[in-house]
Amino acid sequence: MQKISNILLVLFVVWINYSCTGKKTEPVQSTPNGITEINEEQFKSSNMKLGSPGMEIFREALKCKGTISAPANAMSKISPSIAGKVNGIYFKLGDHVSAGQTIASISGNEFMELQQRFAEAAAAFSKSKVDYERAKSLWAEKIGAEKDFLAAQTTYRSAYASYQSLRSRITALGLKASSIENGRMFTSYPVVAPISGHLTKINAVIGQYIDVNSDIAEIVNVNSLQLKLSVYESDVRKVKTDQTVIFGSSSSPNNTLRAHLATIGKTVNPDTKTIDCIAMIDRGSGAPMVNNSYVEASIIVSQHQAMALPVTAVQKVGSENFVFVVEKQNGKGYSLKRTPVNVGVTEGSFIEIRSQLPNKEVVVQGLDTM
């Protein structure tokens, strides 16, 4: 180890003797006790900088992948209640719609037949009600026969059931049942948005016949989008709810976004050997979100604060790490002492320093080219 340290010291001396342009400067003077002398010109030509250790936060992160997705109550696929021809489409892809707004209108024979059946059921119900009330009155006065009363009652109840069933279907279409009862028929019925959100798909055109199993459009409430993360089974033991998630998406490549873990799945996917976890996205960033976009994320499973230096301040030879501490500084130059240090984890441009260093500046830049 002493041999390696001596070699390193020689290399440092040789390197200091040359500027970045390869120009030779005054020789660096070094002493047996590990002190290296450099002058002001050598310091500047090597682009060296000084700094002091400071406190930084170091985090242990669990890498995972996933997607931005909408929960079940923030996404809707819109299908017609009755098959028919598309009469009109009133929004375009990407538009925001509010719950209850008409997205399209549908017409067709099946819709017209429904109105006809309802009008007939309304008339039959009205007649049966009159007959029932008359039979009920006669039976109460002991004038009519019981069988006539029971027959009228049965007919009335049957007509009422048919009337209410068809009326519910008409009302569910967003139409006024009373208008149809009064003889006014509608030529089409509206298809309305069940939730507020943005139109992410439109699967129909005007004039197209569409059945009840086909989707006209899809709505997603982007304000409710969440993260669906795939965590390997072996890492799940480190994961807890409320942990911070840092992620980036293809829809917002220049933004680092944050979320908080909300739920941890209980089932392992047999194909990927991962467990699905859900994180709620923090909305403070204002970054745009796109449903089903791919993300790479880091779940912060632990963190601690520790003394740190820039990674460029620490040099490593074999298993030994060291820094150069400024022992003396004057107008002529610097006296640098090679000081061994114990290091910990690295995050970003900083490395954890676990050794006690003197309250002096160290060289934080200019050693990385050695």
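The rules behind these values
Residues numbered from 1 in each chain as written. Predicted model: local features only at pLDDT ≥ 70, side-chain atom pairs only at ≥ 80, totals over all residues. Heavy atoms only, no water. Helix = DSSP H or I, 4+ residues; strand = E, 2+ residues; numbered from the N terminus. Buried < 20%, exposed > 50% of the residue type's maximum accessible area, 1.4 Å probe, protein only. Contact = heavy atoms within 4.5 Å. Axes fitted to C-alpha atoms, helices over the stretch in contact; angles between N-to-C directions. Parallel < 35°, antiparallel > 145°, perpendicular 65-115°, else oblique. Left-handed = near helix turned anticlockwise from the far one by under 90°. Nonpolar A, V, L, I, M, F, W, Y, C, P; charged D, E, K, R; others polar. Polar contact = N/O pair within 3.5 Å; in protein donor to acceptor, adjacent residues only side chain to side chain. Pairing = 2+ DSSP bridges. Salt bridge = Lys/Arg side-chain N within 4 Å of Asp/Glu carboxyl O.

**Q** Looking at this structure, I do not really get the overall build of the chain. What am I missing?
**A** On a plain count of helices and strands, the chain comes out with five helices and 23 strands. Burial status across the chain gives 41% buried among its 370 residues. Considering only contacts within the chain whose residues lie at least 6 apart along the sequence, 70% involve residues at least 24 apart.

**Q** Help me out: how do you make sense of the packing of helix H3 (residues 109-140) against helix H4 (residues 146-172) in this one?
**A** The axes of two packed helices give the description: the angle between them and the distance between them. Taken N-terminus to C-terminus, the directions of H3 and H4 make an angle of 150 degrees; their axes are 7 Å apart at the nearest point. Between H3 and H4, the crossing angle belongs to the class labelled roughly antiparallel. Regarding H3 and H4, the two cross each other, and that crossing is left-handed. Classifying every residue of the contact of H3 with H4 gives 17 nonpolar, five polar and eight charged.

**Q** For this particular structure, what's the right way to read the side chain of Asp-95?
**A** Structurally, the position occupied by Asp-95 is in the loop between strand E6 (84-89) and strand E7 (96-97). Side-chain polar atoms of Asp-95 contact the backbone nitrogen of Lys-92, separated by 2.9 Å. Sequence-distant contacts of Asp-95, defined by excluding residues within four places in its chain, comprise Gly-197, His-198 and Leu-199.

**Q** Got a minute to help me understand the pairing of strand E5 (residues 75-78) in this structure?
**A** Taken residue by residue, a regular strand's side chains alternate between the two faces of the sheet. Residues Ser-76 and Ile-78 point to one face of E5 and are all buried, whereas Met-75 and Lys-77, pointing to the other face, are not buried. Two strands pair when backbone bridges link them, and E5 and strand E12 (residues 217-220) are joined in this way by four bridges, in the antiparallel orientation. The partner of Met-75 across the bridge, within E12, is Val-220.

**Q** Looking at this structure, I do not really get the pattern of salt bridges. What am I missing?
**A** Oppositely charged side chains can pair when the atoms bearing their charge come close. The tally for this structure, following the rule as stated, stands at 10 salt bridges. A salt bridge links Glu-218 to Lys-77, with the nearest nitrogen and oxygen atoms 2.8 Å apart. Pair noted here: Glu-218 is in strand E12 and Lys-77 is in strand E5, with a separation of 141 residues, a long-range link. On the accessibility criterion, Lys-77 (47% relative accessible area) is partly exposed.

**Q** What's the story with the sheet that holds E7 in this structure? I'm lost.
**A** Where strands meet in a sheet, backbone hydrogen bonds hold them as pairs that are either parallel or antiparallel. Here four strands make up an open sheet; going across it, the order is E5-E12-E10-E7 and the pairing antiparallel. Edge positions in the sheet fall to E5 and E7, since each of these pairs with one other strand and no more.

**Q** Would you mind showing me how to read the environment of Cys-64 here?
**A** Topologically, Cys-64 is positioned in strand E4 (residues 54-69). In this structure, the C-alpha to C-alpha distance between Cys-64 and Ser-298, residues 234 residues apart in sequence, is 6.2 Å. The residues contacting Cys-64, other than those within four sequence positions of it, are Leu-229, Ser-230, Glu-296, Ala-297 and Ile-299.

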